[in-house]
Amino acid sequence: MFKKLIRYSNKIFDLFTIIASVTDRRIKAQIPTVKIVAAIIIMHFTNQGSLNNFSQEIAFKKLKVCVPSVSTIARVADTMDTEEIRGVGLAIYKKARAAKMLKSCHGMWVAVVDGHEQITSPYCKCKYCKKRTVTRKDGVKDI
């Protein structure tokens, strides 16, 4: 099932080309970052709530050969660049919109927010909002 899901995602979204841009800060990586990101994507696709749950699924399906250990996934995910990950989500979203996979509901677009920022907003809602530099299309940088 996992292999089928990855093959389908690669066919539709050209997944491996998109996730090849994600890097981490390991010096001598024994497992490619693409494999780690693919494992994280599988975890999200299959709605695994935690790495512990994903570990049990790996053991149950006997996929220890194909999928890196959850400790490796956690360690590498901690060193990945979040801007590159955000870019992967945005690229997939743009391809889905261009292919008309997403439809409007009664003339309005409905979005589910699950902690993944697809579109940035210049407005802060409270004094505790984190700040970062956002580059607009015209090249102007906002904080």
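Anyway, here's the lowdown on the structure attached to this text. It should be emphasised that the depicted structure is a prediction, and the values quoted were computed from it without experimental measurement. (Residues numbered from 1 in each chain as written. Predicted model: local features only at pLDDT ≥ 70, side-chain atom pairs only at ≥ 80, totals over all residues. Heavy atoms only, no water.)

1. A short note on the environment of Gln48
Note the cut-off: The way it works is that DSSP assigns letters per residue, a run of H or I at least four long becomes a helix, a run of E at least two long becomes a strand, and they are numbered from the N terminus. When a residue's accessible area, from a 1.4 Å probe over protein chains only, is under 20% of the maximum for its type it is buried; when over 50% it is exposed; and in between it is partly exposed. Here, residues are in contact when the closest pair of their heavy atoms is within 4.5 Å. N or O atoms within 3.5 Å of each other form a polar contact, as long as, within protein, one can give a hydrogen and the other can take it, and as long as residues adjacent in sequence are counted only when both atoms are side-chain atoms.
Relative to the helices and strands, Gln48 is located in the loop between helix H3 (33-45) and helix H4 (51-61). The exposure class of Gln48 is buried, given its relative accessible area of 13%. With residues up to four places along the chain from it excluded, the contact list for Gln48 reads Met43, Asn53, Phe54 and Glu57. Among the polar contacts listed, one links the side chain of Gln48 to the side chain of Asn53, at a separation of 3.2 Å.

2. Observations regarding the nonpolar core
To be explicit about the condition: Within this scheme, the nonpolar core is defined by two criteria: the residues are buried Ala, Val, Leu, Ile, Met, Phe, Trp, Tyr or Cys, and they are joined through side-chain atoms within 4.5 Å.
Within the largest apolar cluster, 19 residues are counted, with the highest numbers of intra-cluster contacts made by Ile19, Val37, Phe54, Val67, Ile73 and Met80. Of all the elements in the fold, those that place two or more residues in this core are helix H2 (15-19), H3, H4 and helix H5 (70-77). Broken down by element, the residue count for this core peaks at 7 residues, all from H3. In this structure Val67 touches Ala39, Phe54, Ile58 and Ile73, once residues within four positions along its chain are discounted.

3. Some thoughts on unusual backbone geometry
Across residues other than glycine, the phi torsion is negative in most instances, and most of the peptide bonds are trans. One non-glycine residue, Asp14, lies in the positive phi region at around 55°. One can find Asp14 in the loop between helix H1 (2-13) and H2. Judged by its relative accessible area of 33%, Asp14 is partly exposed.

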